[in-house]
Amino acid sequence: MIHKTLKPFPKDFLWGASTSAYQVEGANLEDGKGPSCQDVKVVPEGTSDLTVCADQYHRYKEDIALMAEMGFKTYRFSIAWTRILPQGTGEVNPKGIEYYNNVINECLKYGIEPLVTMFHFDMPAALDERGSWGNRDSVDWFVNFAKVMFENFGDRVKYWLTINEQNVLTLSGPVIGTLHLPEGCTNELKEIYQQNHHMLVAQAKAMALCHEMLPDAKIGPAPNISLVYPASCKPEDVLAAQNFNAIRNWLYLDMAVYGVYNNIVWSWLEENDATPEFAEGDAEALKNGHPDFIGFNYYNTATCEWSDGSEDLSGASDQQTSKGITGMYKGYRNTHLPTTEFGWEIDPMGFRATIREMYSRYRLPLLVTENGLGAYDTLTEDGKVHDQYRIRYYQDHISQVRLAISDGCEMLGYCPWSAVDLISTHEGMVKRYGFIYVDRDEFDLKTLDRYRKDSFYWYKKVIASNGEDLSD
Ligand code: BG6
């Protein structure tokens, strides 16, 4: 639709940005924090470990002051499970509670709404040893952690996100360093979707608990959603895109919103003898979840074509460049889209298409919890970072959010990735995303001082004009 007039961003639109604990905080074993799976994993060769990151644990005041200077209305950060419960269950660590109280209070001091992710890729190592999400008890572990958070922070935190990118954990666990397969596992697909099932039940129970304990709070999931295009208008390709959309996107949202398994995914699991086992009460718990909004991360779309079942697509695990699943879909390189320096396709229009599709399927307010450009940034001698490419990326993407609003989609906010430079999931410190530059290299920690990038000043202007002024 070509609009004659664009609707404005809502007046209480939540402009902000995101980070996650294990990528930004550092101090990974300080003040009683226990190790998470991220602290014990083998990091990819040539990339930094996660011991110091951007050192936000010691510099949160400075970071939040800079966010306030940009005019943030919200800050999305995650709570490290092992800072609160070092062993995942059992004793609460008072220092951990104190730290997040300080972060929350610091945000509120500036009128910044804390938007808390409850789980961002950092399963306690102690629970990893007990089978992680593969253990049925993981549902109770997570609900207990949720309860501790609601009790301690619920008086001030009004917006909660359950599990960051559950679909990426399921589809690309090895890339993130989170997949836990029991020894001797003979049906990997069944094991992975059993873990996924436990996460779905845990999420639904946490949402219900939130509503019970904190009637004024809002809670939602935060999957990575991006529309899958068919490679052509061949009906076979359209069916392939439906398959991949179901596996990549709708499984997670159909369950979060309606409490049911997506039928295409379920049939595929049935055929592979991989349907998850339901414990008593699961079906009911899944029906009782009810998110208040949908948080979602968007980086790029995917494209695929028909797979006739004869190809060997095994070994495909990276959802960004997915090779496909035999008999379901085959990955296809979309030649209409440019890519980032790290090979990720850039598709602003796909952002609008994704928002429209999601809103028409679920009719819940949408909150962008990630979107952004990973790039090599350079700090000049006079302390500047000229990241025009990032400004351009945001101009293109924020324009599409406005068009989606004009299409009638209800949008709550926009929190790109990331507020501050941090360590990427598997490509180290050199892949920078922040508005705030952190002076460190992959292995040389340097000063860890903060610098305002050009995009910092630009975003400040965008927020001040409530998205009206996107100019350079
Ligand atoms: C999302 C994650 O997948 O994308 C973040 O929620 C991550 O944790 C971000 O950092 C960017 O991905 P990457 O791999 O470039 O760090």
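Residues numbered from 1 in each chain as written. Predicted model: local features only at pLDDT ≥ 70, side-chain atom pairs only at ≥ 80, totals over all residues. Heavy atoms only, no water.

The name an unreviewed UniProt entry gives the protein chain is Glycoside hydrolase family 1 protein, with Allocoprobacillus halotolerans as the organism.

1. Some thoughts on the environment of Lys 287
Here Lys 287 is to be found in helix α12 (residues 282-287). Those residues in contact with Lys 287 that sit more than four places away from it in its chain are Tyr 258, Gly 259 and Val 260. (Helix = DSSP H or I, 4+ residues; strand = E, 2+ residues; numbered from the N terminus. Contact = heavy atoms within 4.5 Å.)

2. Brief notes about the site of the ligand
For the ligand, the set of nearby residues contains 15 residues, the closest of which are Gln 23, Glu 165, Thr 425, Lys 431 and Tyr 433. With respect to the ligand, the side chain of Gln 23 contributes an N or O atom lying 2.8 Å from an oxygen atom. Interatomic distance of 2.8 Å between a side-chain N/O atom of Asn 164 and an oxygen atom of the ligand. For the ligand, whose free accessible area comes to 370 Å², the fraction covered by protein is 97%. (Near = heavy atom within 4 Å. Polar contact = N/O pair within 3.5 Å; in protein donor to acceptor, adjacent residues only side chain to side chain. Areas by Shrake-Rupley, 256 points an atom, 1.4 Å probe, with all protein chains shown as cover.)

3. Here we look at the UniProt feature "active site" (unreviewed entry) in the protein chain
The UniProt record marks Glu 370 with the feature "active site" (unreviewed entry), using the residue numbering of this structure. With respect to the secondary-structure elements, Glu 370 resides in strand β11 (residues 366-370). Leave out the neighbours within four places in its chain, and Glu 370 touches Ser 18, Arg 76, His 120, Asn 164, Glu 165, Phe 296, Asn 297, Tyr 298, Tyr 299, Cys 415, Pro 416 and Trp 417. Within polar-contact distance, the side chain of Glu 370 engages the side chain of Asn 297 at 3.1 Å. (UniProt positions renumbered as here; feature names shortened; annotations may be inferred.)

4. Brief notes about the sheet that holds strand β6 (residues 228-230)
Read across the open sheet, the four strands follow the order β6-β8-β10-β9; overall the sheet is mixed. With partners counted over all chains shown, the strands left at the sheet margins are β6 and β9 (324-325), one partner each. Relative to strand β10 (residues 329-331), β9 runs antiparallel, the two being bridged by two bridges. Of the residues in β10, the one forming a bridge with Ile 325 is Tyr 329. Most of the contacts of helix α10 (residues 235-258) go to β6, to which it runs at about 170°, and overall it touches β6, β8 (302-305), β9 and β10. (Pairing = 2+ DSSP bridges. Axes fitted to C-alpha atoms, helices over the stretch in contact; angles between N-to-C directions.)

5. So, the packing of aromatic side chains
Scanning the model with the defined rule gives 39 aromatic pairs in all. What links up through ring pairs into an aromatic cluster is the set Phe 9, Phe 13, Trp 15, Phe 72, Tyr 393, Tyr 394, Tyr 414, Phe 435, Trp 458 and Tyr 459. The ring of Tyr 99 has Arg 83 lying over it, and the distance from NZ or CZ to the ring centre is 5.6 Å. (Phe/Tyr/Trp six-rings, centres within 6.5 Å; stacked < 30°, edge-to-face > 60°. Lys NZ or Arg CZ within 6 Å of the ring centre and 35° of its normal.)

6. Things to note about the sheet that holds β11
Read across the open sheet, the eight strands follow the order β5-β4-β3-β2-β1-β12-β11-β7; overall the sheet is parallel. Either end of the sheet is taken by a strand with one partner, and the two such strands are β5 (218-222) and β7 (294-297). Sheet twist, expressed as the mean angle between neighbouring strand axes with direction ignored, is 30°. As judged from the four bridges shared by strand β4 (residues 159-164) and β5, these two strands associate in the parallel manner. Following the sheet pairing, Leu 161 is matched in β5 by Gly 220.

7. Topic: the state of the cysteines
Under the counting rule described, the total for this entry stands at zero disulfides. No disulfide involves Cys 304; its sulfur sits 14 Å from that of Cys 233, the nearest cysteine. Counting only cysteine sulfurs, Cys 415 is the nearest neighbor of Cys 409, a cysteine outside any disulfide, at a range of 18 Å. (Disulfide = S-S within 2.5 Å.)

8. Quick word on the pattern of salt bridges
On inspection of all chains with the given rule, the structure shows 28 salt bridges. Between Lys 330 and Glu 305 there is a salt bridge; the shortest N-O distance is 3.9 Å. Of this pair, Lys 330 sits in strand β10 while Glu 305 is found in strand β8, placing the two residues 25 residues apart along the sequence. Exposure remark for Lys 330: the relative accessible area of 22% places this residue in the partly exposed category. Take Glu 305: its relative accessible area is 22%, and that puts it in the partly exposed class. One connected set of salt bridges, linked through shared partners, spans Asp 377, Asp 387, Arg 390, Asp 421, Arg 432 and Lys 453. (Salt bridge = Lys/Arg side-chain N within 4 Å of Asp/Glu carboxyl O. Buried < 20%, exposed > 50% of the residue type's maximum accessible area, 1.4 Å probe, protein only.)

9. Focus: the confidence of the model for the protein chain
In the predicted model, the protein chain carries a mean pLDDT of 96, and the fraction of residues at 70 or more is 98%. Counting interchain partners and residues more than four positions distant, the pLDDT-below-50 stretch residues 317-321 has 12 contacts. (pLDDT = per-residue confidence, 0-100.)

10. Considerations on the pairing of strand β12 (residues 411-414)
The sheet contact formed by strand β1 (residues 14-18) and β12 spans two bridges and is parallel. Paired with Leu 14 across the strands is Gly 413, a residue of β12. Across three bridges, β11 lies against β12 in parallel orientation. In the sheet register, Leu 366 faces β12, and the bridge partner there is Met 411.

11. Considerations on unusual backbone geometry
Omega for the bond connecting Trp 417 with Ser 418 falls within 30 degrees of zero, at 10°, which places this linkage in the cis form. Mapped onto the fold, Ser 418 is located in the loop between β12 and β13 (436-438). Notably, His 290 is not glycine yet its phi reads approximately 55°, a positive angle. Among the structural elements, His 290 can be located in the loop between α12 and β7. Classification of His 290 as partly exposed rests on a relative accessible area of 46%. The phi angle at Arg 363 is positive, at roughly 50°, despite the residue not being glycine. For Arg 363, the position within the fold is in the loop between α13 (348-362) and β11.

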